[in-house]
Amino acid sequence: MMVLRLAIADFRERTRRYSFFIAITACVVICYSIGSGEFTFHWGAYIGSANGAWIGMNFAVISVLFFSLAGFYLCKGSIAFDEKSGVGFLIGSTQTSDSGYISSKILSNIFFLCPLFLIFLTASMLSLQVAGNVSQRELSNLICPQLIVALPILFSVAAIAVLFDSLRLLQRGLGNILYFFVWITLVNYSNSAQTIHDLDLLGFTIFKYDFRQTLVSTIGTAEGFWDLSLRKENFSTVDWQGTQWNMKIIWIRMFYILPFIAFGFLSTTIFKRFDDTESRLIPKKRLNGLHSFLLSSATAFDNQIRDRFARFDSSRLFIRRIIFADMQIIAEHLLELKLMLKNQNMLWYLLIVWLHVWCLFTASHFDVRYVALPWLIIAPILVWSRMGTYESYYKVASLIYTTQRSIRKQLTLRYTSGVLIGLVITTPILLKALILGDLNLAAITLIFIAFLPALALALGIISRGSKLFEVTFVLAWYIGPLRGHPIYDQLFNLPYPQLGQFLALMSMLTLAFLILSVLSRTVQLHLK
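Criteria and cut-off values
- Counting restarts for each chain, with residues numbered from 1 along the sequence as it is written.
- Residue-level local features of this predicted model are given only where pLDDT is at least 70; pairs of side-chain atoms are given and counted only at 80 or more, and the full residue set underlies all totals for whole chains, interfaces and linings.
- Side-chain numbers here rest on the full set of heavy atoms in the structure, without hydrogens or water.
- Strands here are runs of E lasting at least two residues and helices are runs of H or I lasting at least four, both read from the DSSP assignment and numbered beginning at the N terminus.
- Burial status follows relative accessibility: with a 1.4 Å probe on protein chains alone, a residue under 20% of its type maximum counts as buried, one over 50% as exposed, and anything between as partly exposed.
- We call two residues in contact when some of their heavy atoms are within 4.5 Å.
- Where accessible areas are quoted, they stem from the Shrake-Rupley method and a 1.4 Å probe; at the residue level, only the protein chains shown are allowed to cover.
- Here the rule is simple: two strands pair whenever DSSP picks up at least two bridges between them.
- Axis angles are defined between N-to-C directions and span 0 to 180 degrees, where every axis is a line fitted to C-alpha atoms and, for a helix, only to the segment in contact.
- Our angle categories are set so that under 35 degrees counts as roughly parallel, over 145 as roughly antiparallel, 65 to 115 as roughly perpendicular, and the remainder as oblique.
- With the far helix as reference, a near helix turned anticlockwise by less than a right angle produces a left-handed crossing, and one turned clockwise produces a right-handed crossing.
- The classification used treats Ala, Val, Leu, Ile, Met, Phe, Trp, Tyr, Cys and Pro as nonpolar, Asp, Glu, Lys and Arg as charged, and all other residues, Gly among them, as polar.
- The span expected for a helix works out to 1.5 Å for each residue beyond the first.
- To obtain the arc, one takes the directions from the helix axis to the C-beta atoms.
- Counted as salt bridges are all cases of a side-chain nitrogen of Lys or Arg within 4 Å of a carboxyl oxygen of Asp or Glu.
- Only Phe, Tyr and Trp rings take part, Trp by its six-membered ring, and two of them pair if their centres are within 6.5 Å. Stacked means planes under 30 degrees apart, edge-to-face means over 60, and tilted covers everything else.
- Only lysine NZ and arginine CZ atoms are considered, and such an atom sits over a ring when it is within 6 Å of the ring centre and within 35 degrees of the ring normal.
- The predictor rates its confidence in each residue with pLDDT, a number between 0 and 100.

A. Focus on the overall build of the protein. Helix and strand counts for the protein stand at 24 helices and 4 strands. With 528 residues in all, the protein has 47% of them scored as buried. Within the protein, contacts between residues at least 6 apart in sequence are counted, and of these 82% link residues at least 24 apart. Total accessible area on the protein is roughly 26700 Å²; 66% of this is exposed by carbon and sulfur atoms.

Structure (structure tokens):
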């Protein structure tokens, strides 16, 4: 009973956040796009007729994609939020067991995703009503795909999110990035599966196999492949009556709930009870060390500079002020860089050094563009993603916001430090571009180094977390540089007039995100 009460209380708290209303809005927009035909699956040039089976299949598969990706990021972070808010320590002081607390979190995630699932289910019924093909059989064909295929994914995602929250290594940015690549692997594997006997967690094969059989029996061929269209096109329709659901398929789908149970028990064994003396999210040693480091470094630097230049006579007062200001700016940047690079793994540094050596001495022009640049651009993602969250992460927002020029000075210092890190990491790209005479490569690298820290700063301040930037950046990076999207190839072949227009556009976007960062931080400051 206590588990259910904790789950309901956590669910009520999460439904009051802005992210819940944003998720509902996103679901409504996606459902409208499915109902209007903008989002539809097709095999080659053929789609199914507007009956319950085809509408239910589209809603089921797209809801699987939504819950398996967006649902995870919506659920992830619940344990970290309890630690940050102090609620976890209150629960830890009660008689609630670790298994009870983890079970309440899994139930809370399920409760949180169920309203979104009901939106998809209700929207599919409305789409069937608009199609004018309502009957008991069509309604069954509409509901079964969503209950049998999409619902197990919802349970599994709710448990996997708790598992990632229970592992300290996967709580923050690394877990967000790792799950994205796991999701991409599952999507690619589901697309490549041929029969329902293949291990297909997302359930695409059930519909692909039956629709392909319908095409072969109807038109005699099944040219093309299974794909998702994101715009209205002129497809030919085929009367597809859907999948013949039987106990074998149902048991296969129910089998995927077993990982839900396994991950729940695994989270219980990994999770350590809240301990105020040693918080897993913000260790007390780290917090005290940060305060002492900042105070001692600033005091020592001020004393050193003042003693060094106090001997200057009044005739050199102007020069002394200039040198003092320059030295202070350099020291502040060094402190900011040290804070940004704090706790970075040694393997990360070794990987960057290896990429530098390979890029300068071994890589060809093609490798620099399509291998070295993508991986060096994404290397500082975990550094950039924390740029707008240091105050909340280290719980020093009340100290920083009360200092003079907190917004202008802190954000400027943080942005320029992020740009400096990007410049250092991409130095071999710039040198190689100058050696090869590829000015397009150098210009594009520089503008992205200026743009990405501004984007990270703005999204971090707005969302008060690193998750939004990490997911946005990794998704764009996967579609563009990693998969070789045509737009990415065209950037390196732009003529100079168009290259200048592109650089001007990116510069304006960079400035816009910086202004947005200042405005968002100003609003947060006044709300304190």
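Structure's up, so let's keep going.
B. How the structure looks around the environment of Ile-62. Examined against the element boundaries, Ile-62 turns out to sit in helix α3 (residues 52-75). Placed 84 residues apart in sequence, Ile-62 and Gln-146 show a C-alpha to C-alpha distance of 10.0 Å. Here Ile-62 is in contact with Ile-30, Ile-34, Phe-39, Phe-41 and Leu-228, once residues within four sequence places are set aside.

C. Examining the pairing of strand β1 (residues 40-43) more closely. Burial of the side chains of β1 extends over both faces: Thr-40 and His-42 are buried on one face and Phe-41 and Trp-43 on the other. As defined by bridge partners, β1 adjoins strand β3 (residues 226-229) across 4 bridges and the pair is classed as antiparallel. If you follow Thr-40 over to β3, its bridge partner there is Ser-229.

D. Inspection of the packing of helix α15 (residues 365-378) against helix α20 (residues 427-436) at higher detail. Here α15 crosses α20 at 160°, and the two axes come no closer than 10 Å. Taken as axis vectors, α15 and α20 run roughly antiparallel relative to one another. As α15 runs across α20, the sense of the crossing is left-handed. Here α15 contributes His-365, Val-368, Ala-372, Leu-373 and Leu-376 to the contact with α20, which in turn contributes Pro-428, Ile-429, Lys-432 and Leu-436. Along the lines of polarity and charge, the residues of the contact of α15 with α20 split into 7 nonpolar, 1 polar and 1 charged.

E. Molecular detail of helix α2 (residues 18-35). End to end, α2 covers 26 Å across 18 residues, agreeing with the expected 26 Å (1.5 Å per residue, within 8%). Phe-20, Ala-23, Cys-27, Ile-30, Cys-31, Ser-33 and Ile-34 are the residues of α2 that are buried. All buried residues of α2 lie within an arc of 155° about the axis, which places them on one face of the element. Those residues of α2 that are exposed and angled more than 90 degrees off the buried face are Tyr-18, Ile-22 and Tyr-32. The secondary structure elements touched by the buried residues of α2 are α1 (2-14), α3 and α6 (98-131). Gly-37 sits one or two residues past α2 and shows a positive phi near 90°.

F. Inspection of helix α8 (residues 173-192) at higher detail. If you check α8, its first and last C-alpha atoms are 29 Å apart, about what 20 residues at 1.5 Å a residue would give, namely 28 Å. Looking at the buried side of α8, the elements it contacts are α3, α7 (136-166), α9 (204-219), α16 (381-384) and α22 (467-482).

G. Just the pattern of salt bridges, in detail. Across all of its chains, the model carries 4 salt bridges by this definition. Among the salt bridges present, the one from Asp-10 reaches Arg-14, with a minimum N-O distance of 3.3 Å. Note that Asp-10 and Arg-14 are positioned in helix α1 at a spacing of 4 residues, about one turn of the helix. Using a relative accessible area of 2% as the deciding quantity, one classes Arg-14 as buried. Taking relative accessible area as the criterion, Asp-10 reaches 10% and is therefore assigned buried.

H. Looking closely at the environment of Leu-411. Here Leu-411 lies in helix α19 (residues 406-425). Separated by 103 residues in the primary sequence, Leu-411 and Leu-514 have C-alpha atoms spaced 8.6 Å apart.

I. Quick peek at the packing of aromatic side chains. Tallied over the full model, the rule gives 27 aromatic pairs. Plain terms: the ring middles of Trp-54 and Trp-240 are 6.0 Å apart, the flat faces sit at 90° to each other, and that makes the pair edge-to-face. Within this pair, whereas Trp-54 is found in helix α3, its partner Trp-240 is found in the loop between β4 (236-238) and α10 (247-255), the two being separated by 186 residues in sequence. Overall, Trp-54 belongs to the buried group, its relative accessible area being 5%. Classification of Trp-240 by relative accessible area gives buried; the value is 2%. Pairing Phe-67 with Phe-117 gives two aromatic rings, centres 6.4 Å apart and planes at 45°, and the pair type is tilted. In this pair, Phe-67 sits in helix α3 while Phe-117 sits in helix α6, placing the two residues 50 residues apart along the sequence. Judged by relative accessible area, which is 5%, Phe-117 ranks as buried. Aromatic rings pair up to connect Phe-180, Phe-181, Trp-183, Trp-375, Trp-477 and Tyr-478 into one cluster. When the ring centre of Phe-112 is taken as origin, the NZ or CZ atom of Arg-14, which lies over that ring, is 4.8 Å away.

J. Broad picture of the confidence of the model for the protein. Averaged over all residues, the pLDDT of the protein equals 78, while 82% of them reach at least 70. Low confidence marks residues 311-324, where pLDDT is under 50. Its contacts with residues over four positions away, or in another chain, come to 6 contacts.

K. Fine view of the packing of α7 against α10. Orientation of α7 relative to α10, taken along the N-to-C sense of each, is 10°, at an axis distance of 9 Å. Taken together, the axes of α7 and α10 are roughly parallel relative to one another. Of the residues in α10, those in contact with Ile-148, Val-149, Pro-152 and Ile-153 of α7 are Ile-250, Arg-253 and Met-254. Broken down by class, the residue content of the contact of α7 with α10 amounts to 6 nonpolar, no polar and 1 charged.

L. Molecular detail of the environment of Val-419. Here Val-419 is to be found in helix α19. Owing to a relative accessible area of 17%, Val-419 belongs among the buried residues under this scheme. Once the C-alpha coordinates of Val-419 and Pro-453 are considered, the two residues, 34 residues apart in sequence, prove to be 6.4 Å apart. Beyond its immediate sequence surroundings of up to four residues, Val-419 is in contact with Ile-449, Ala-450 and Pro-453.

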